[in-house]
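The lines below spell out each chain.
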Amino acid sequence: MHLAEILRLRARPAAGVLLALTERCPLSCAHCSTRSGPDGAQFGEEPFLRFVSTFTPQERPDLLFLSGGEPLLRPALVADVAARGRESGVRSAALSGMFFARGGRVPPAVRRAVGALDHFSASLDVHHEREVARADVLAALGTVLDLVPSVSVHVTSDDDAYVDRVLGELRRAFGERVPALVGRVRATGRARSFVRERAGPPGGGAEPCGFAMWPLVDIDGTVLACSRQSMARRHRPPHLVLGHAARDGWPEIRRRSMGDGVLRAVRAFGPQETARRVGAPVCAGYCETCVTLRRGPEVSPGMSLAVERMVAAQRPADLARRWGAGRHADAVELGWSGR
Ligand code: SF4
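Thresholds applied
Residue indices begin from 1 for each chain and proceed along its sequence in written order. Reporting in this predicted model follows two pLDDT cut-offs: at least 70 for local features of residues, and 80 or more for side-chain atom pairs to be given and counted; totals over whole chains, interfaces and linings ignore these cut-offs and use all residues. For side-chain calculations, the full set of non-hydrogen atoms in the structure is used, while hydrogens and water are omitted. A run of H or I in DSSP becomes a helix once it reaches four residues, and a run of E becomes a strand once it reaches two; helices and strands are each numbered from the N terminus. Radius of gyration: over C-alpha atoms. The globule rule applied is 2.2 Å multiplied by the number of residues raised to the 0.38 power. Summary of the burial criterion: residues with accessible area below 20% of their type's maximum are buried, those above 50% are exposed, and those between are partly exposed, where the area comes from a 1.4 Å probe applied to protein chains only. Using a 1.4 Å probe, the Shrake-Rupley method yields the accessible areas, and only the shown protein chains count as cover for residues. Counting rule applied: Lys, Arg positive; Asp, Glu negative; His and chain ends not counted. A charge is said to be at NZ when it belongs to Lys, at CZ for Arg, at CG for Asp and at CD for Glu. Centre distance within 6.5 Å is the pairing criterion for rings of Phe, Tyr and Trp, where only the six-membered ring of Trp is used; planes under 30 degrees apart are then read as stacked, over 60 as edge-to-face, and the remainder as tilted. Contacts: residue pairs with any heavy atoms within 4.5 Å of one another. Whether a residue is near a molecule or strand depends on its heavy atoms: if one lies within 4 Å, it is near. Polar here means any residue other than Ala, Val, Leu, Ile, Met, Phe, Trp, Tyr, Cys and Pro, which are nonpolar, and Asp, Glu, Lys and Arg, which are charged; Gly is therefore polar. Pairing between strands is defined by DSSP: at least two bridges between them are needed. Think of it like this: strands point away, you trace from the first strand over the helix to the second, and a clockwise trace means the crossover is right-handed. Cavity means a closed set of points on a 1 Å grid over the protein atoms alone, one where a 1.4 Å probe fits but cannot get out, pocket means an open set with protein on both sides within 12 Å along at least 5 of 7 lines, and lining means a residue has an atom within 4 Å of a point. Grid points are joined across faces, edges and corners, and a volume is the space filled by probe spheres set on the points. Side-chain atoms within 4.5 Å are what join buried Ala, Val, Leu, Ile, Met, Phe, Trp, Tyr and Cys residues into a set we call a nonpolar core. Inter-axis angles, ranging from 0 to 180 degrees, are taken between N-to-C directions of lines fitted to C-alpha atoms, where helices are fitted over the stretch in contact.

**Student:** Sorry, what's going on with the overall build of the protein here?
**Tutor:** Per the secondary structure count, the protein includes 14 helices and 9 strands. In summary, the protein has a C-alpha radius of gyration of 19 Å against a globular reference of 20 Å for 339 residues, a match within 12%. Taken over the C-alpha atoms alone, the protein extends approximately 55 × 45 × 40 Å along its principal axes. Here the protein holds 339 residues, and the buried ones make up 59% of them. Counting every atom, the protein has about 13400 Å² of accessible surface; 51% of that belongs to carbon and sulfur. Side-chain charges of the protein comprise 47 positive and 36 negative groups, with the mean position of each set lying 3 Å from the other.

Okay, structure coming up:
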C-alpha cells in the first residue's frame, strides 16, 4: 500500500481510523506533537482489540493507522490489531520514531509486528536524528523493506536544504522504493515552546480541517473526532468526542462521525467559517474556535459533501502541499504506479 494511496484515503472522511496505542516513547524529541516520552501513559490492550473486532467485511474502514507515542513499544498488540483488521479486509500502517534502530538493528519482536503491516512509515528529521542516527535509520529501513510491502519516511522540517539532503540520501540508498511526506513543525505538543505559529491545518482561515477526517482511538480508548490529540483531549467539546472503544463499535463511531453537522462543517470549511455560518463566536485561533463550537443550526449537508468530494479528488502531491510539503510535495508519489 503506497504512501500516495494513504494520502488519498486521508482526504476521505472515515476512510481510516487512527489508533494511538500508547503515549510512551523511549525518545523525547523536542518537537513531539503528543509530548510523548519514557513516562507517557499506557492503558490495557482490550479497548483496541475489542474495537477492531467490531469491523466486518461490510462495515469497516479501509485503513488502520497505528501511532502513539511509539506503537512498536507494543509489538504484539500491533501484530494482533493488524491481523484482526485483515480478517475483515482492513489494511494496516504504522508510524515509528525508529527507537529500535540504534546500530541499524531490527529486533525480532519488531520484525514480527512490521511483517503484519501493509505499510511502514519512519520519522526522520533533525530532532529524531539527535536520538537515533540517520545512518542507523537507513540501515534498519533496508531490513524493513524486506518485511513489508511498502515503506515511507515522514520528514518534519522547515529547512528545505536539510530536506533536500535527506531525500537525496533516500534516493541513493533505495531508488524509488521509499517515498516521503514532508511537513513543517507545528506549534503543537512540545514544539509549542519554540514554534510561534498558531497550530491548525495549513492555510488557516476557511481551509477544511484535515485532522478531523478520521476518528482517533486515543491511548485510554476514548474515540475522538480530531487526530490532534493535544487539543481534543484537553477540551473535549461534544462534536469532537465520538465514544469509547470499550463500548462502541465501528458502525456507531462512523455514523456519529459522518452524521454530526458541526463536525462535517469543520471538515469542509474549517472551524472559523463554521462558526460564522452557525452564528457562533469566532476566536483568533483556528483550533481555539473549534473547541468553543457547540451543536447549533445545521450547515447544509449538500455543501459540505461537495467540498469533501473536491478535497478527495485532489492528487496525493496536492494533498501533501496542503499539509505543508511545499516544493517537496511530489516526493509522496515517488514510485507510485497510480498516477
Ligand atoms: S480545527 Fe478542530 S478538529 Fe481540526 S485540528 Fe483543530 S481542534 Fe481538531
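**Student:** Can you walk me through unusual backbone geometry in this structure?
**Tutor:** Across the chain, the bulk of peptide bonds are trans and the bulk of non-glycine residues have phi less than zero. Residue Gly69 is reached from Gly68 by a cis peptide bond, and omega for that bond is 15 degrees. Within the element layout of this structure, Gly69 appears in the loop between strand 2 (63-67) and helix 3 (75-87). If you check the backbone angles, Ala14 has positive phi at about 60 degrees while not being a glycine. One can find Ala14 in the loop between helix 1 (3-10) and strand 1 (16-20). Judged by relative accessible area, Ala14 falls into the buried class, the value being 6%. Of note in this structure, Arg236 is not a glycine but carries a positive phi near 45 degrees. Summarising the element assignment, Arg236 is placed in the loop between helix 8 (229-235) and strand 9 (241-244).

**Student:** Even after reading the chapter, I still don't get the packing of aromatic side chains, so can you show me in this structure?
**Tutor:** For any pair of aromatic rings, the description rests on two quantities: the centre-to-centre distance and the angle between the ring planes. Applying the stated rule across the entire model yields 5 aromatic pairs. When the centroid spacing of 6.0 Å and the interplanar angle of 80 degrees are considered together, the rings of Phe55 and Trp250 count as edge-to-face. Of the two residues, Phe55 is situated in the loop between helix 2 (46-53) and strand 2 and Trp250 in helix 9 (residues 250-259); the sequence distance between them amounts to 195 residues. Phe55 gets classed as buried once you look at its relative accessible area, which sits at 4%.

**Student:** What is the right way to read the environment of Leu9 from this model?
**Tutor:** Along the polypeptide, Leu9 turns up in helix 1. Of the residues examined, Leu9 reaches a relative accessible area of 7% and is grouped as buried. Non-local contacts of Leu9, meaning those with residues more than four positions away in its chain, are made with Met1, Ala15, Asp62, Leu63 and Trp214.

**Student:** Whenever I open this one, the site of the ligand confuses me. Can you help?
**Tutor:** The environment of the ligand is made up of Cys209, Phe211, Ala212, Cys226, Arg228, Leu240, Pro271, Tyr286, Cys287 and Cys290. Tallying contributions element by element places helix 12 (residues 286-290) first for the shell around the ligand, with 3 residues. Counted by class, the shell around the ligand contains 9 nonpolar, no polar and 1 charged residues.

**Student:** Would you mind showing me how to read the pairing of strand 1 here?
**Tutor:** Each regular strand displays side chains that alternate between the two surfaces of the sheet. Along strand 1, 5 of the 5 residues are buried, which leaves the element largely enclosed by surrounding structure. Neither face of strand 1 is open: one carries Gly16, Leu18 and Ala20, the other Val17 and Leu19, and all of them are buried. When strand 1 meets strand 2, the two strands line up parallel, connected through 5 bridges. Counterpart to Ala20 in the pairing with strand 2 is Ser67. In terms of strand pairing, strand 1 meets strand 7 (residues 216-217) through 2 bridges, oriented parallel. Note on strand 7: the bridge partner recorded for Leu19 is Val217.

**Student:** Quick question: what am I supposed to make of the pairing of strand 4 (residues 119-123) here?
**Tutor:** Here strand 4 lies mainly inside the structure; 5 of its 5 residues are buried. Along strand 4, one buried face is formed by His119, Ser121 and Ser123 and the opposite face, lined by Phe120 and Ala122, is buried too. At this point the chain moves from strand 3 (residues 91-96), through helix 4 (residues 108-115), to the parallel strand 4, and the crossover so formed is right-handed.

**Student:** What is the right way to read the layout of surface pockets from this model?
**Tutor:** If a probe the size of a water molecule is rolled over the atoms, the empty space left behind becomes visible. Volume-wise, the largest pocket comes out at about 190 Å³. Per element, the largest residue contribution to the lining of the largest pocket is 3 residues, and it comes from helix 7 (residues 160-174). A class-by-class count of the residues in the lining of the largest pocket yields 6 nonpolar, 1 polar and 5 charged.

**Student:** When you look at the nonpolar core in this model, what are you seeing that I'm missing?
**Tutor:** For soluble globular proteins, the rule of thumb is that nonpolar side chains tend to be buried together. Of all hydrophobic cores here, the largest spans 108 residues; its most connected members are Leu19, Leu72, Met98, Phe100, Phe120 and Leu141. In this view, Leu19 contacts Phe48, Val52, Leu64, Phe65, Leu66, Ser67, Val81 and Val217; residues no more than four positions away in its chain are not counted.

**Student:** I keep staring at the sheet that holds strand 7 and nothing clicks. Help me out?
**Tutor:** Strand pairing within a sheet occurs via backbone hydrogen bonds; the two strands may be parallel or antiparallel. Read across the open sheet, the 9 strands follow the order 6-5-4-3-2-1-7-8-9; overall the sheet is mixed. A strand with exactly one partner marks an edge of an open sheet, and here the two such strands are strand 6 (180-183) and strand 9. Relative to the sheet, helix 9 contacts strand 1, strand 8 (222-224) and strand 9, its axis offset from that of strand 9 by approximately 170 degrees.

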